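The primary structure of each chain is shown beneath.
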Number of protein chains: 2
Amino acid sequence: MRKIEIVQNIMEANDSIAARNQGLLDKHGVFAINIMSSPGAGKTSLILQTIAKLKNKLSIAVIEGDVASTIDAEKIESHAAAVVQINTRNMPESCSLIANMIDCALKNLPLGNIELLLIENVGNLICPSEFALGEHKRVVISSLPEGDDKPIKYPMIFADADAVVINKLDLLPYVDFDIPAFRHTVEGLNPRAKFFEVSCKTGTGIEDWCAWLSDEIENHTHKIMNKGG
Amino acid sequence: MRKIEIVQNIMEANDSIAARNQGLLDKHGVFAINIMSSPGAGKTSLILQTIAKLKNKLSIAVIEGDVASTIDAEKIESHAAAVVQINTRNMPESCSLIANMIDCALKNLPLGNIELLLIENVGNLICPSEFALGEHKRVVISSLPEGDDKPIKYPMIFADADAVVINKLDLLPYVDFDIPAFRHTVEGLNPRAKFFEVSCKTGTGIEDWCAWLSDEIENHTHKIMNKGG
């Protein structure tokens, strides 16, 4: 039982750091989303499309989580107000971002000048669902070539998502993916999830995704202001 | 340091169980491969293609690793000599198969009647690279829609692979994937890896993959027989 106890301790410590991170974000009026997916499903592409669409309205920063390399941060650098790269290789948890990595990253971001923080998690459908980071919303991207059975095989991450983005819609003619069946499975796990069908390559569906995100930011700001007043 | 010590203990215990698994496989003349990839890259499809091609020559069993569900095992059931499903949800390690899960699975397989054991790991490019299972060869599948940068972001799993299967070749006209650049990156991490370019959908390249696998089985059988004699 020793290992299980230690895991519980780690999770409890993580939850309390995550709550502290969220307090800090709220203090500065920063809305944060945690973007999770398999490797290569389109996290960086969705971030780039979101910045392109919203950067005239909002100041946007990005935290890039990767096992190794800085190539995603480099892709984003010239587009975002600020970018912090986290490499998880050689860390005790290499398969996911965890709250204390975000704690460190927040110390390196100009929080007073940021309204939206996009956190790109490590590409993985398992570990990231276990670690709260302090985010306000959790988003899972599922891309068509992965197949429509992912929510059946990796239920936890879908059960906990506020939004599910179905990406690579441009590949629909070339792959076997039953969108209604996929949505039906996710709804069975999580009736409150919002769905967005997009192609980050062509831009299809990005408008709806950004409209939802803008609404969520606005709702959250009102909630925080009412709490403060 | 307490957590790191415990992780070291777990890894050492895993390595010794993996060595015992390999001893048991060798005793029965079973050649085992550990198939790893992102979710949806084509592990099950490669297994089905491999069985279709080799089942008249070899008796083939499968161990299916999934976080949840038995859908892959059901797909394979009627094709393989035997299938064991492992669900990792709620286990201390849910993000990868580990050696003691294989130990349990081997107790449920008719090892005396099996020549090739295909182990489908959990869909994940991070955790599975850390756990030896007792396999003789490690195979990583990378599918074109994931992008050619995966070896840069997830180097460990590629550095350790005996073979790298590039799957979903049928999607090459519709995605941005530079095959020579991908191979070049992998070769930088791992000069000994063999490459196979396949489409599990159309069957392209499966012949070469199965020829390599057959050769490896034959070489291994000779090695074991010489050792025994």
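Please refer to the structure placed before this passage.
What you are looking at is a predicted structure, and each value in this text was computed from that prediction instead of being measured.

Rules of the game
- Residues numbered from 1 in each chain as written.
- Chains lettered and ligands numbered in written order.
- Predicted model: local features only at pLDDT ≥ 70, side-chain atom pairs only at ≥ 80, totals over all residues.
- Heavy atoms only, no water.
- Core = buried A, V, L, I, M, F, W, Y, C linked by side-chain atoms within 4.5 Å.
- Buried < 20%, exposed > 50% of the residue type's maximum accessible area, 1.4 Å probe, protein only.
- Helix = DSSP H or I, 4+ residues; strand = E, 2+ residues; numbered from the N terminus.
- Contact = heavy atoms within 4.5 Å.
- Disulfide = S-S within 2.5 Å.
- Phe/Tyr/Trp six-rings, centres within 6.5 Å; stacked < 30°, edge-to-face > 60°.
- Pairing = 2+ DSSP bridges.
- Axes fitted to C-alpha atoms, helices over the stretch in contact; angles between N-to-C directions.
- Buried area = accessible area lost by both parts, 1.4 Å probe.
- Salt bridge = Lys/Arg side-chain N within 4 Å of Asp/Glu carboxyl O.
- Polar contact = N/O pair within 3.5 Å; in protein donor to acceptor, adjacent residues only side chain to side chain.
- Nonpolar A, V, L, I, M, F, W, Y, C, P; charged D, E, K, R; others polar.
- Right-handed = clockwise from strand over helix to strand, strands pointing away.

Caption draft 1: A look at the nonpolar core. With 48 residues, the main nonpolar core has Val164 and Phe182 of chain A together with Val164 and Phe182 of chain B as its most contacted residues. Listing elements by their share of this core, those giving two or more residues are α6 (155–159), β6 (163–167) and α7 (179–189) of chain A together with α6 (155–159), β6 (163–167) and α7 (179–189) of chain B. Setting aside chain neighbours within four positions, we find Phe182 of chain B in contact with Ser142, Asp148, Pro151, Phe158, Val164, Ile166, Phe177 and Phe195 of chain B.

Caption draft 2: Seen up close, the state of the cysteines. As enumerated under the stated definition, the model contains two disulfides over all chains in all. There is a disulfide in this structure between Cys95 of chain A and Cys127 of chain A, and the S-S distance comes to 2.5 Å. Its S-S torsion of approximately -105° makes the covalent link between Cys95 of chain A and Cys127 of chain A left-handed. With a gap of 32 residues between them, Cys95 of chain A in the loop between β3 (82–87) and α4 (99–107) and Cys127 of chain A in the loop between β4 (116–120) and β5 (137–143) connect regions that are remote in the sequence. Here Cys104 of chain A stays unpaired: no disulfide links it, and the sulfur of Cys95 of chain A, its closest cysteine neighbor, is 18 Å away. Cys210 of chain B forms no disulfide, and the closest cysteine sulfur to it belongs to Cys200 of chain B, at a distance of 9.5 Å. Overall, the relative accessible area of 2% leaves Cys210 of chain B in the buried class.

Caption draft 3: Main features of the packing of aromatic side chains. For the coordinates displayed, the defined rule picks out 11 aromatic pairs over all chains. Plain terms: the ring middles of Phe177 of chain B and Phe182 of chain B are 5.3 Å apart, the flat faces sit at 40° to each other, and that makes the pair tilted. As far as burial versus exposure is concerned, Phe177 of chain B and Phe182 of chain B are alike and both buried. Of the aromatic side chains, those joined through ring pairs into one cluster are Phe158, Phe177 and Phe182 of chain A.

Caption draft 4: The arrangement of the sheet that holds strand β7 (residues 194–197) of chain B in detail. Residues and elements named next belong to chain B. A sheet is described by the order of its strands in space; here seven strands give the open sequence β3-β2-β4-β1-β5-β6-β7, paired in parallel fashion. In this open sheet, the two strands that pair with only one neighbour each are β3 (82–87) and β7. Ignoring strand direction, the axes of neighbouring strands in this sheet form an average angle of 20°. The pairing of strand β1 (residues 31–37) with strand β4 (residues 116–120) spans five bridges and is parallel. Bridge pairing links Phe31 to Leu116 in β4. Contacts from helix α4 (residues 99–107) reach β2 (60–66), β3 and β4 within the one sheet, and its direction differs from that of β3 by about 145°.

Caption draft 5: Fine view of the interface of chain B and chain A. Contact residues are listed per partner, giving 42 residues for chain B and 42 residues for chain A. Taking both partners together, chain B and chain A bury about 3,500 Å²; carbon and sulfur atoms supply 61% of that area. Counting every contact that joins chain B to chain A gives four salt bridges. Note that Asp149 of chain A and Lys75 of chain B form a salt bridge whose closest N and O atoms lie 4.0 Å from each other. For the pair chain B and chain A, the number of links is 10 residue pairs in polar contact (both at pLDDT 80 or more). For the side of chain B that touches chain A, the secondary structure elements donating two or more residues are α1 (2–27), α3 (71–77), α5 (150–153) and α6 of chain B. The element contributing the most residues to the side of chain B that touches chain A is α1 of chain B, with four residues. Of the residues assigned to the side of chain B that touches chain A, the class counts are 20 nonpolar, seven polar and 15 charged.

Caption draft 6: Expanded view of the pairing of β6 of chain B. All names here are of chain B. For β6, the buried fraction is high: five of the five residues fall into the buried class. Residues Ala163, Val165 and Asn167 point to one face of β6 and Val164 and Ile166 to the other, with burial holding for every one of them. Here five bridges tie strand β5 (residues 137–143) to β6, and the two strands are oriented parallel to one another. Counterpart to Val139 in the pairing with β6 is Ala163. Where β6 meets β7, four bridges bridge the pair, whose relative direction is parallel. Bridge pairing links Val164 to Phe195 in β7. Crossover connection from β6 via α7 to parallel β7: handedness right-handed.

Caption draft 7: Here's a closer look at the pattern of salt bridges. Residues and elements named next belong to chain B. Per the counting criterion, the structure on display carries 26 salt bridges over all chains. Of the charged contacts, one joins Arg183 and Glu197 as a salt bridge, the two residues approaching to 2.9 Å between their closest N and O atoms. Here the residue Arg183 occupies a position in helix α7, and Glu197 occupies one in strand β7, the gap between them amounting to 14 residues.

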